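Chains, contacts and geometry: an overview
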Amino acid sequence: MRVLAMLDGTLVDPDAPVLRADDFGVSRGDGVFETILVTGGRPRELGPHLDRLARSAAMLDLPEPDRAAWERCVRLVIDAWSGGDEMALKLVYTRGPEFGDGSPTGYAMGLPISEKVRRQRASGISVLTLERGFPADLAERAPWLLLGAKSLSYAVNMAALRYAEARGADDVIFLASDGTVLEGPTSSVVVVQGHTVRTPPPTLGILPGTTQAALFRAAEAAGWTAEMTPLQVPDLLEADAVLLVSSVRKITQVLAVDGRPLARAERGRELHAELAALYDAQYEN
Ligand code: PLP
């Protein structure tokens, strides 16, 4: 099942063509998006997702998103959904048609969650580390690169995933040119050591993750220590657990990095289960 609603508040057939051929979102990847997990009819972290949509839009000099209109659009899709307990809700906001009246394009789609993602949440994944080719301090010097914006220009991220899959890995962890750990193509990296969780800071030019923030909030409330700090590949290899986290994949355990199984897999499994339960518990009731 799929549901599609335009930002003006109309529900449309999900198979209907709703974009103009000259939309900048299509011709240049010039726009931003968000993907939100909806469980039991409730969107997780809607406020932080809409905040980040506005932040990404500002980085691309797009008109400020109309928050009330997006909230209405989100509700419309959720109310029309009958495809089961979980839904991925994708918000798309582009610069609009090149030969239009200057208005942006906005729509929201309710989509099912793939079997593959559900399986990986439970079974864990293997990852390949791949260079992104930028120094760790580039983001502030080069704002035109849009590092840390959730822009529609994800072709490189998708190519990295295909590259990893062709080599037998499930996912990717990007590294800066000096080897600093960054993020996955569609996820944040979290390293667990005892009851401490650590993630790289957004100043490295990575997307601030809503799932990572929600996980850290839940972990801290349960007495864990949570830190934002630069990490190197040995931090992954020596960790009790490595996690890739995002709205749709939730808290997924990494079992192998670059073909090497992580040494503390058993301890890692326990810590992963504990953190996954803490993360989910925030959205119950
Ligand atoms: N980093 C990147 C590059 C992403 O694309 C995503 C989500 O797709 C994330 C991190 C995780 O963000 P969130 O937890 O808000 O889904």
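Fair warning: this is a prediction, and the values are worked out from it, not measured in the lab.

**Remarks on the packing of aromatic side chains**
Counted by the stated rule, this structure contains three aromatic pairs. Consider the rings of tryptophan 70 and tyrosine 93, whose centres lie 6.1 Å apart with planes at 85°: the pair is edge-to-face. Taken together, the residues span a long stretch of sequence, with tryptophan 70 in helix H3 (residues 67-80) and tyrosine 93 in strand E5 (residues 86-94) at a distance of 23 residues. You can call tyrosine 93 buried: its relative accessible area is 3%. Over the ring of tyrosine 163 we find arginine 167; its NZ or CZ atom is 3.6 Å from the centre of that ring.

**Description of the site of the ligand**
Among the 17 residues in the neighbourhood of the ligand, the closest are listed as Lys150, Tyr154, Thr210, Thr211 and Ser247. At 2.8 Å, a side-chain N or O of lysine 150 approaches an oxygen atom of the ligand. A distance of 3.3 Å separates a nitrogen atom of the ligand from a polar backbone atom of serine 187. In the complex, 95% of the free accessible area of the ligand, which totals 390 Å², lies under the protein chains. Every element with two or more residues in the shell around the ligand is listed here: helix H2 (46-59), helix H7 (210-221) and strand E12 (241-246). Of the residues assigned to the shell around the ligand, the class counts are four nonpolar, ten polar and three charged.

**Some points on the pattern of salt bridges**
Evaluated as defined, the whole model comprises 20 salt bridges. Of the charged contacts in the structure, one is a salt bridge between aspartate 280 and arginine 44, with a shortest N-O distance of 2.9 Å. On the criterion of sequence distance, the pair formed by aspartate 280 in helix H9 (residues 265-281) and arginine 44 in the loop between strand E4 (42-43) and H2 is long-range, its members being 236 residues apart. Accessibility assignment for this pair places aspartate 280 and arginine 44 in one class, buried. For the salt bridge of glutamate 86 with arginine 118, the shortest nitrogen-to-oxygen distance reads 3.2 Å.

**Focus: the sheet that holds strand E3 (residues 31-39)**
Paired through backbone hydrogen bonds, the strands of a sheet run either parallel or antiparallel to each other. Strand order in the open sheet formed by six strands is E2-E1-E6-E5-E3-E4, and the pairing between neighbours is antiparallel. Each end of this open sheet is capped by a strand with a single partner; those strands are strand E2 (11-12) and E4. Contacting E3, E4 and E5, H2 crosses the sheet at an angle of about 175° to E3.

**Focus: the packing of H7 against H9**
Here H7 crosses H9 at 100°, and the two axes come no closer than 9 Å. Our classification of the angle between H7 and H9 gives roughly perpendicular. Of the residues in H9, those in contact with Thr211, Ala214, Leu215, Ala218 and Ala219 of H7 are Leu275, Leu278 and Tyr279. Among the residues making up the contact of H7 with H9, the classes are represented as seven nonpolar, one polar and no charged.

**Let's talk about the nonpolar core**
By size, the foremost hydrophobic cluster in this structure holds 25 residues, and its most contacted members are Val32, Trp70, Val77, Met87, Leu89, Leu91 and Ala108. No other element matches the six residues that H3 contributes to this core. For leucine 89, the contacting residues outside a window of four places in its chain are Glu34, Thr35, Ile36, Val38, Val74, Val77, Ala108, Met109 and Gly110. Listed in part, the 17 residues of the second largest apolar core include Val190, Val192, Val245 and Leu275.

Parameters and conventions
Residues numbered from 1 in each chain as written. Predicted model: local features only at pLDDT ≥ 70, side-chain atom pairs only at ≥ 80, totals over all residues. Heavy atoms only, no water. Phe/Tyr/Trp six-rings, centres within 6.5 Å; stacked < 30°, edge-to-face > 60°. Helix = DSSP H or I, 4+ residues; strand = E, 2+ residues; numbered from the N terminus. Buried < 20%, exposed > 50% of the residue type's maximum accessible area, 1.4 Å probe, protein only. Lys NZ or Arg CZ within 6 Å of the ring centre and 35° of its normal. Near = heavy atom within 4 Å. Polar contact = N/O pair within 3.5 Å; in protein donor to acceptor, adjacent residues only side chain to side chain. Areas by Shrake-Rupley, 256 points an atom, 1.4 Å probe, with all protein chains shown as cover. Nonpolar A, V, L, I, M, F, W, Y, C, P; charged D, E, K, R; others polar. Salt bridge = Lys/Arg side-chain N within 4 Å of Asp/Glu carboxyl O. Pairing = 2+ DSSP bridges. Contact = heavy atoms within 4.5 Å. Axes fitted to C-alpha atoms, helices over the stretch in contact; angles between N-to-C directions. Parallel < 35°, antiparallel > 145°, perpendicular 65-115°, else oblique. Core = buried A, V, L, I, M, F, W, Y, C linked by side-chain atoms within 4.5 Å.

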